[in-house]
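The lines below spell out each chain.
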Amino acid sequence: MNVAELHKAGFKVVPWTTNDPAKMRALIGLRVDGIISDRPDLLQQVVKEEAAAHPDEAAYFKSFDVSAHRGGRGLRPENTLPSFEDGLDHLSTTLETDTGVTTDHVSLIWHDQFLSPESCRRVDGTPYTLENRVYTRDISLAEAQSTFICDKLHPQFPDQKNDLALSPVAVAFAAQEHLISPYVPTHAEQLFRFTRFYAEYYRSGAGKSHPDAAARAANAEKVRFNLETKILPLPNDPTGPNPPLANAHAEPTSNHTVAPQTFVNTLCGTIVRNHMESRAEVQSFDFRTLILVEEQFPKIPTYYLTESPKMLSLEFVPVALRQ
């Protein structure tokens, strides 16, 4: 990865997802603009140590983006209010997350196009499996938040915890929002409200006596939001309500969601309505959504997600970026 050449071309470079301190140091050595990590706590420590070792590059480290992947899922169940709270607790400068679109056109936060049974359970205790999985586009926000609690722990993250005593801000906010649990699926607009609540909690509320209260409040007041449209550049939706999944951990090979324009209208409408154009960006593997954002919401920055180099040759890549 030639970071210097990309910088010359006007691009910011933010690799994902890096959890190993040695790899973090190597990427910082390339002078990437930030790192997306499941462990913002580890990343902050590495950044602190590298900054101390390179005092002549204070400006670089001051602008370095510590991005909490899915809220920092290494320590709390992903894409939930407690995970975002933990990301804020570790002074992440960006909260990275994923969005779908519900039947009532709300930007529900979740990584998969369906609420994963590996993370979510039904409130009423009835079995929830891949076979009867529920897709975001097939439920309303009210249904999602009254039906599911997504507090399951993932064994690949041994330090992950869901003890509500560790998430006092999420607990207080959930009470204010009349949620049945802090771990119900949340949505983009609610996340914006939560970060404001978090800042007030430590600025003048119950957390004001915490030793890190001032730093937490100040960071939450300016934290950025990296919001992904969970759609792929694939033309056909599958037939039937629950098509078979070859691998529950793999990225989908077809879509079961709304059209790109609806994605953009919903997510960008939420950003604009909450006056977050200066603090939110839209990212995607589906560059169709990014092109629409650039055309229709030019004040909102876009990030082009890539994994395999062959993705950059797709017809959905803008001609100027196509390889």
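Residues numbered from 1 in each chain as written. Predicted model: local features only at pLDDT ≥ 70, side-chain atom pairs only at ≥ 80, totals over all residues. Heavy atoms only, no water.

Draft legend 1. Representation of the state of the cysteines within the structure. All told, the structure shown has one disulfide when counted by the stated rule. Two residues share a disulfide in this structure: Cys-120 and Cys-150, whose sulfurs sit 2.1 Å from each other. The S-S bond linking Cys-120 to Cys-150 shows a torsion near 100°; that makes this disulfide right-handed. Here Cys-120, found in the loop between β4 (114-115) and β5 (121-122), pairs with Cys-150, found in the loop between β7 (148-149) and α7 (168-176); they are 30 residues apart in sequence, far enough to count as distant. (Disulfide = S-S within 2.5 Å. Helix = DSSP H or I, 4+ residues; strand = E, 2+ residues; numbered from the N terminus.)

Draft legend 2. Representation of the pairing of strand β8 (residues 224-229) in the model. Here β8 lies mainly inside the structure; five of its six residues are buried. As paired strands, strand β3 (residues 94-99) and β8 are joined by six bridges and run parallel to one another. Looking at the pairing, Asp-98 lines up with Glu-228 of β8. (Buried < 20%, exposed > 50% of the residue type's maximum accessible area, 1.4 Å probe, protein only. Pairing = 2+ DSSP bridges.)

Draft legend 3. Layout of the nonpolar core. Within the largest apolar cluster, 42 residues are counted, with the highest numbers of intra-cluster contacts made by Leu-95, Phe-194, Phe-225, Ile-271 and Val-282. If you list the elements that add at least two residues to this core, you get α5 (81-89), α7, α8 (188-203), α9 (213-220), β8, α10 (260-273), β9 (280-284) and α11 (287-296). Top element by residues in this core is α8. It accounts for nine residues. Apart from the residues within four sequence positions on either side, Val-282 is in contact with Leu-227, Thr-229, Leu-267, Cys-268, Ile-271, Leu-290, Val-293, Ile-300, Pro-301, Thr-302 and Tyr-303. By size, the runner-up hydrophobic cluster in this structure holds 14 residues, among which are Ile-28, Leu-43, Tyr-60 and Phe-64. (Core = buried A, V, L, I, M, F, W, Y, C linked by side-chain atoms within 4.5 Å. Contact = heavy atoms within 4.5 Å.)

Draft legend 4. Spotlight on unusual backbone geometry. Of note, the amide linkage connecting Trp-16 to Thr-17 takes the cis form, showing an omega dihedral of -25°. With respect to the helices, strands and loops of the structure, Thr-17 is situated in the loop between α1 (3-8) and α2 (21-29). In the Ramachandran plot, Arg-31 falls in the positive-phi region, its phi being about 65° despite a non-glycine side chain. Mapping Arg-31 onto the fold places it in the loop between α2 and β1 (34-37). Non-glycine residue His-178 carries a positive phi angle of around 60°. Tracing the sequence through the fold places His-178 in the loop between α7 and α8.

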